[in-house]
Amino acid sequence: MSNQDCGVSDSTEKAGAQIVGAAERAAAAAAERADVVVRPVEHIDELRQVSELLESVWGRNTEGVPINREVMRSLAHAGGCTTAAFDRGGGLVGAAVLSPDSKPSAMYSLIAAAAPGNADRGIGYAVKLSQRAWALARGCNLIHWTFDPLVGRNARFNLAKLGAESTEYEVSFYGQMSDDLNGDDDADRLVARWVLDSQRAIDAAAGSVPDLAAPTAAAEVMTAGPDRKPMVQNDAAGHWIRVPTDIVTVRRVDPDAARQWRFATREAFQAAFANGLVATTMTRQNYYLLTPGDRP
């Protein structure tokens, strides 16, 4: 994909040269910390390995693997990118897939995962920062993707670690899921909007985003969650929405409770977004913070 494919003028390209350089350095530093080599892959044999890795994380559904090598090969030909992380022995330990987006100067992230047993090494972060640098170098300054609002770990990674934000809630985006992680839950999704050259993204890549605490003791409780504990609260920091600590386990041991969480979370986010709020971060206590902000 050329810079012109992303609709970038010469002046914009020159103005962004420093941001691209900083993004490449941040990606390289993240890969070094994770002790991996991160690079785009296009060869069909390497794409087969990526497909197998994604299957090892997400499992198979009634339609097969999450994404096959032929699709990834076609996406690369169409201007997308499959980014892979390899350990020092050459083993594949992480991957993510980008597709061209319908919006100008944008890409769409289809899927990302670290190999089982490697979740806390920083591999996913290294892969995403590599995607960011790759996109910026080609004149793209925006990546979209969707994620399950009930999975707090992923929300924290997307919003707090990467510096993305969300203003959209999609009901039953994938219908009813059937893979190993989602069970038979309605696949509601938040839409992540990662503005790659924003100050939020720059600060996140530099590791300078502050770690927020949960709502204060003085926070006003608006609604309780299915566990009867405060779920939606307001305080001076903004509007808070809490989700379960481990929804994957809840789905397995108490599917009815998982559905109650889905409906309660859906209602809370739809109301917040209708009031013009933006989801900007997720705390370690599984609270989203939403504040007034610019909307696309």
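The structure this text deals with has already been given above.
Every chain is numbered on its own, with residues counted from 1 as its sequence reads. Reporting of local features is limited, given that this is a predicted model, to residues whose pLDDT is at least 70; pairs of side-chain atoms are given and counted only at 80 or more, and all residues count toward the totals for whole chains, interfaces and linings. Side-chain numbers come from the whole structure's heavy atoms, not from hydrogens or water.

**Examining the overall build of the protein chain**
In terms of helices and strands, the protein chain carries nine helices and twelve strands. A globule of 296 residues ought to have a C-alpha radius of gyration of about 19 Å, and the protein chain, at 19 Å, matches this closely. Expressed as lengths along the three principal axes of its C-alpha atoms, the size of the protein chain is roughly 50 × 45 × 35 Å. Here the contacts in the protein chain between residues at least 6 apart in sequence split such that 65% fall between residues at least 24 apart. Where accessible areas are quoted, they stem from the Shrake-Rupley method and a 1.4 Å probe; at the residue level, only the protein chains shown are allowed to cover. When the accessible area of the protein chain is evaluated, it comes to approximately 14000 Å², of which 50% is carbon and sulfur surface. Here the positive residues are Lys and Arg and the negative ones are Asp and Glu; neither His nor the chain ends is included. Throughout, a charge is located at the NZ atom of Lys, the CZ atom of Arg, the CG atom of Asp or the CD atom of Glu. Taking the average place of the 30 positive charges on the side chains of the protein chain and the average place of its 37 negative ones, the gap between the two points comes to 3 Å. What counts as a helix is a DSSP run of H or I of at least four residues, what counts as a strand is a run of E of at least two, and both are numbered from the N terminus. All radius of gyration figures rest on C-alpha atoms, and the globule criterion is 2.2 Å times the number of residues raised to 0.38. The contact criterion used throughout is that any non-hydrogen atoms of two residues lie within 4.5 Å.

**A few points about the pairing of strand β11 (residues 277–282)**
Relative accessibility thresholds used throughout: buried, under 20% of the residue-type maximum; exposed, over 50%; partly exposed, between the two (1.4 Å probe, protein chains only). Across the six residues of β11, six count as buried, placing the element largely inside the fold. Judged from the five bridges that link them, β11 and strand β12 (residues 287–292) form a sheet pairing that is antiparallel. Within β12, the position partnered with A279 by the bridge is L290. When DSSP locates at least two bridges between a pair of strands, those strands are taken to pair.

**Some words on the packing of aromatic side chains**
Stacked, edge-to-face and tilted are the three classes for Phe, Tyr and Trp ring pairs, Trp counted by its six-membered ring, which pair at centre distances within 6.5 Å; planes under 30 degrees apart are stacked, over 60 edge-to-face, the rest tilted. Here the structure, examined in full by the defined rule, presents six aromatic pairs. Centroid distance W145 to W194: 5.7 Å. Interplanar angle 90°. Geometry classified as edge-to-face. Taken together, the residues span a long stretch of sequence, with W145 in strand β5 (residues 142–147) and W194 in strand β7 (residues 189–195) at a distance of 49 residues. For the residue pair W145 and W194, the accessibility class agrees, reading buried in each case. For the ring pair F173 and Y174, a centre distance of 4.8 Å and an interplane angle of 85° mean the geometry is edge-to-face. Judged by relative accessible area, Y174 falls into the partly exposed class, the value being 42%. An aromatic cluster of three or more residues is present, and its members are Y169, F269, F273 and Y288. Two conditions define a charge located above a ring, namely a distance within 6 Å from the ring centre to NZ of Lys or CZ of Arg, and an angle within 35 degrees of the ring normal. One Lys or Arg, K128, reaches over the ring of W145 and ends 4.3 Å from the middle of that ring. A cation sits over an aromatic face here: K161 above Y125, 4.4 Å from the ring centre.

**Regarding the state of the cysteines**
The disulfide criterion used throughout: a pair of cysteine sulfur atoms within 2.5 Å. Scanning the model with the defined rule gives zero disulfides in all. C140 provides the cysteine sulfur closest to C81, a residue in no disulfide bond, and the two sulfurs are 11 Å apart.

**So, the packing of helix α3 (residues 44–58) against helix α4 (residues 69–77)**
Each pair of packed helices can be described by the angle between their axes along with the distance between the axes. Only the stretch in contact is used when fitting a helix axis, every axis being a line fitted to C-alpha atoms; angles between N-to-C directions are given from 0 to 180 degrees. It is the contact of α3 with α4, at a shortest axis distance of 8 Å, that shows an interaxial angle of 125°. Of the possible angle classes, the one that applies to α3 and α4 is oblique. Seen from above, α3 lies across α4 with right-handed handedness. Of α4, the residues touching α3 (which contributes I44, D45, L47, R48, V50 and S51) are R69, M72 and R73. Ten residues, namely Ala, Val, Leu, Ile, Met, Phe, Trp, Tyr, Cys and Pro, are considered nonpolar, four, namely Asp, Glu, Lys and Arg, are considered charged, and the remaining ones, Gly among them, are considered polar. Residue composition of the contact of α3 with α4, by class: four nonpolar, one polar and four charged. By definition in this entry, angles of less than 35 degrees are roughly parallel, angles greater than 145 are roughly antiparallel, angles of 65 to 115 are roughly perpendicular, and the rest are oblique. In a left-handed crossing the near helix is turned counterclockwise from the far helix by less than a right angle, and in a right-handed crossing that turn is clockwise.

**What about helix α2 (residues 17–34)?**
The end-to-end C-alpha separation of α2 is 26 Å, in line with the 26 Å expected for 18 residues at 1.5 Å each. Listing the buried residues of α2 in full gives V20, G21, A23, A26, A27, A30, A31 and A34. As for α2, its buried residues are in contact with β1 (37–41), α5 (123–137) and α7 (199–205). Note on α2: the residue one or two positions beyond its end, D35, has a positive phi of about 60°. Each helix should span, by expectation, one fewer than its residue count multiplied by 1.5 Å.

**Points about the nonpolar core**
One finds V36, W194, F269, Y288 and L290 to be the most contacted residues of the largest nonpolar core, which totals 58 residues. Once residues within four sequence positions are removed from consideration, L290 is found in contact with G238, H239, I241, F269, A272, F273, L277, V278 and A279. For this analysis, a nonpolar core means a set of buried residues of the types Ala, Val, Leu, Ile, Met, Phe, Trp, Tyr and Cys, connected via side-chain atoms within 4.5 Å. V41, L53, L54 and A95 belong to the second-largest nonpolar core, a separate cluster that totals 16 residues.

**Things to note about the side chain of R156**
On the secondary structure map, R156 appears in helix α6 (residues 152–161). For R156, a relative accessible area of 18% corresponds to the buried category. Leave out the neighbours within four places in its chain, and R156 touches K161, D211, M282, T283 and R284.

**What to know about the pattern of salt bridges**
One side-chain nitrogen of Lys or Arg within 4 Å of one carboxyl oxygen of Asp or Glu is enough to make a salt bridge. Across all of its chains, the model carries 16 salt bridges by this definition. For D35, the salt bridge identified is with R88, shortest N-O distance 2.8 Å. Here R88 lies in the loop between β2 (81–86) and β3 (92–100) and D35 lies in the loop between α2 and β1, a separation of 53 residues in the sequence. Among the residues examined, D35 registers a relative accessible area of 40% and is labelled partly exposed. Residue classification places R88 among the exposed positions, given a relative accessible area of 52%. One salt bridge in this structure joins D227 and R242, with 2.8 Å as the shortest N-O distance. Of this pair, D227 sits in the loop between β8 (220–224) and β9 (230–235) while R242 sits in strand β10 (residues 238–242); the two residues are 15 residues apart in sequence, bridging distant segments of the chain. Relative accessible area serves as the criterion here: at 33%, D227 is assigned to the partly exposed category.

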